[in-house]
Amino acid sequence: MRQGSVRLGVGVAAVLPLLGCGGSGGSSPTPVPSATPGTSCAAGTPVSGVPALGARLVASGLRNPLDLQAAPGDRERLYVVEQGGRIRVIRNGQLQATPFLDVSGRISSGGERGLLGLAFHPQFATSRRLFVNYTNPRGDTHIAEFRATSADAADPGSERILLTAAQPFANHNGGGLAFDNSGRLLIALGDGGSGGDPLGNGQKLDTFLGKILRIDVDAGTPYAVPADNPFRATAGAAPEIWAYGLRNPFRISVDRPTGDLYIGDVGQNRVEEIDVGLASRRGGENYGWNTTEGSQCFSPASGCNRSGLVLPVYEYSHSEGCSVTGGVVYRGCRMPDLAGTYFFGDFCTGLVRSFRLASGQATDLRDWTAGLRGIGSPSSFGLDADGEAYVVDYDGEVYRLEPAG
């Protein structure tokens, strides 16, 4: 087990439960094969053009759900993470009574703590390995591996802790996990909390906090640092760091055809942002916090040095929302003309928006909120094995995005 170096402090400043709101260059997306309009796909008959969107209720009765994942290649099941410590299975559209995994007795939960993220190993069908991000009873981050006995049950006694990070405050724990296209595990951690990053963790390279980490779970004990990690040879830097300068990266996702990493980073008092780690850059990005909040100066409040920073591809002000929920890039067959569209939301206002990434810029901006009024507090987005997109509502529901009507 390895532990990140952090300085401890005291105090809590969590304005919004869970998400901790306050007071890029690159290539065009790679097209992927999709169904021809008028033919059938697993999600229904494909619809050409850009349809109005509706939200079909898939499951309800969940308790504070935070994440949704599909195991690679599994078209029967969706796995939903509940903040209190359970992972639930939706199998062929039915929420199963028996949890896939229950670790409620070994975590702290409430506010921004709890069972926060899930990722399946790319060879889960044969390896039965899965990884979770949770806060332990002291509130510190644990990244742990479990093994499943079947696609419907994981063994709670199989836990192997890979990495820990002491959390100086109760908020800004991040929580997202994702495998990149090289099979390395990405881990999203917030800056450690309070407000304004009082410990300066976002810009420090000797701490895991305020970072995206990248580790090799298939080598080493308990893991190996990939040879191509950007700070591996930097004196004083934690070699696990892939990118830095993040406040509270809440929900990350990798677009499989491009390898690009999308990050929803929750702002302080003014700006919510979406950052994109283009695969072509191969890591090392500094997203700016707490020098900047979004593209705006934060510390100092004006005249900050933005040189070397990777600014958001999209941002919005607190006149529109207060806590961004990072999303997913749609790659399904039901709506082929939306392939490559990134959907995301805001926890406070329930908005759901989208854009396409082209030459490192957000284009084709759309707001879908009016047609999705049943979604109150989007806490996560997810894709099934066919690339169809889902929205997780913290109130206890899972919805699938599909043509309205």
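Bear in mind the structure is a predicted one, so any value in this text is a computation, not a measurement.

Moving on to the pattern of salt bridges. Where charged atoms from two side chains of opposite charge approach closely, those side chains can pair. As enumerated under the stated definition, the model contains 28 salt bridges in all. Its salt-bridge partner being Arg86, residue Glu82 comes within 2.9 Å of it at the nearest N-O pair. A residue is classified by how much of its surface remains accessible, and Arg86, at 24% relative accessible area, is partly exposed. For Glu402, the salt bridge goes to Arg400, with nearest N and O atoms at 3.2 Å.

So, on to the layout of surface pockets. Reported here for the largest pocket is a volume of approximately 750 Å³. Forming the walls of the largest pocket are 34 residues, and the residues nearest its centre are Gln69, Ala70, Val254, Arg256 and Leu383. Going through the elements one at a time, strand S3 (65-69), strand S8 (115-120), strand S12 (177-179), strand S16 (249-254), strand S22 (324-329) and strand S26 (378-383) are the ones with two or more residues in the lining of the largest pocket. Classifying every residue of the lining of the largest pocket by side-chain character gives 18 nonpolar, nine polar and seven charged. Taken together, 18 residues make up the lining of the second largest pocket; nearest its centre are Arg75, Leu78, Asp384, Tyr390 and Arg400.

Right, let's get into the pairing of strand S14 (residues 211-215). The element S14 is largely enclosed, with a buried count of five among its five residues. Burial along S14 is two-sided: Lys211, Leu213 and Ile215 and Ile212 and Arg214, pointing in opposite directions, are all buried. Taken together, the five bridges between strand S13 (residues 185-189) and S14 define a ladder with antiparallel strand orientation. In the sheet register, Leu186 faces S14, and the bridge partner there is Arg214. For S14 and strand S15 (residues 241-244), the ladder comprises three bridges, and the chain directions are antiparallel. Bridging across to S15, Ile212 finds its partner in Ala243.

With that out of the way, let us pick up the environment of Arg106. Relative to the helices and strands, Arg106 is located in the loop between strand S7 (101-102) and S8. Arg106 gets classed as partly exposed once you look at its relative accessible area, which sits at 27%. For the pair Arg106 and Pro137, spaced 31 residues apart in sequence, the C-alpha to C-alpha distance is 6.6 Å. Side chain to side chain, Arg106 and Glu159 meet in a polar contact 2.7 Å long.

What follows covers the sheet that holds strand S18 (residues 271-277). Read across the open sheet, the four strands follow the order S16-S17-S18-S21; overall the sheet is antiparallel. Here the strands that pair on one side only, and so sit at the sheet edges, are S16 and strand S21 (314-317). Put simply, the sheet's adjacent strands are angled 10° from each other on average, direction ignored. Relative to strand S17 (residues 261-265), S16 runs antiparallel, the two sharing four bridges. Across the sheet, the residue bridging to Val254 is Leu261, located in S17.

This part covers the pairing of strand S10 (residues 141-150). Most of S10 is tucked away, with seven of its 10 residues classed as buried. Bridge count for strand S9 (residues 129-135) against S10 is seven bridges, and the pairing is antiparallel. Along S10, the bridge assignment pairs Asn133 with Ile143. Linking two consecutive strands that pair antiparallel, namely S9 and S10, is a turn of five residues; a positive phi of about 95° is found at Gly139 within it. Relative to strand S11 (residues 153-165), S10 is paired through eight bridges, and the arrangement is antiparallel.

Relative to the helices and strands, Glu76 is located in the loop between S3 and strand S4 (77-82). Judged by relative accessible area, Glu76 falls into the partly exposed class, the value being 36%. Put simply, Glu76 and Gln94 are 18 residues apart on the chain and 10.0 Å apart in space, counted from C-alpha to C-alpha. Filtering out sequence-adjacent residues up to four positions away, Glu76 remains in contact with Ile90, Arg91 and Asn92.

Quick notes on the rules
In this convention, every chain numbers its residues from 1, walking through the sequence in written order. Only residues with pLDDT of 70 or above have their local features reported here, since the model is predicted, and side-chain atom pairs are shown and tallied only from 80 upward, although totals for entire chains, interfaces and linings are computed over all residues. Remark: hydrogens and water are excluded; side-chain values derive from all non-hydrogen atoms of the structure. Basic side-chain nitrogens of Lys or Arg form a salt bridge, by our definition, when they fall within 4 Å of a carboxyl oxygen of Asp or Glu. Residue exposure (1.4 Å probe, protein chains only): buried if accessible area is under 20% of the type maximum, exposed if over 50%, otherwise partly exposed. Grid points spaced at 1 Å and placed over the protein atoms alone form the basis of the search, with a cavity being a set where a 1.4 Å probe fits but cannot get out and a pocket an open set showing protein on both sides within 12 Å along at least five of seven lines. Lining residues have an atom within 4 Å of a point. Grid points are joined across faces, edges and corners, and a volume is the space filled by probe spheres set on the points. Only DSSP runs of H or I reaching four residues or more are called helices, and only runs of E reaching two or more are called strands; each is numbered from the N terminus. Under the scheme applied, nonpolar residues are Ala, Val, Leu, Ile, Met, Phe, Trp, Tyr, Cys and Pro; charged residues are Asp, Glu, Lys and Arg; polar residues are all the others, including Gly. Two strands form a pair only when DSSP identifies at least two bridges running between them. For this analysis, a polar contact is any N or O atom pair within 3.5 Å, provided that within protein one partner can donate a hydrogen and the other can accept it, and provided that sequence-adjacent residues contribute only side-chain to side-chain pairs. Only the contacting stretch of a helix is used when fitting its axis, a line to C-alpha atoms as for every element, and angles between N-to-C directions run 0 to 180 degrees. Working rule for contacts: check all heavy atoms of both residues, and any pair within 4.5 Å makes them a contact.

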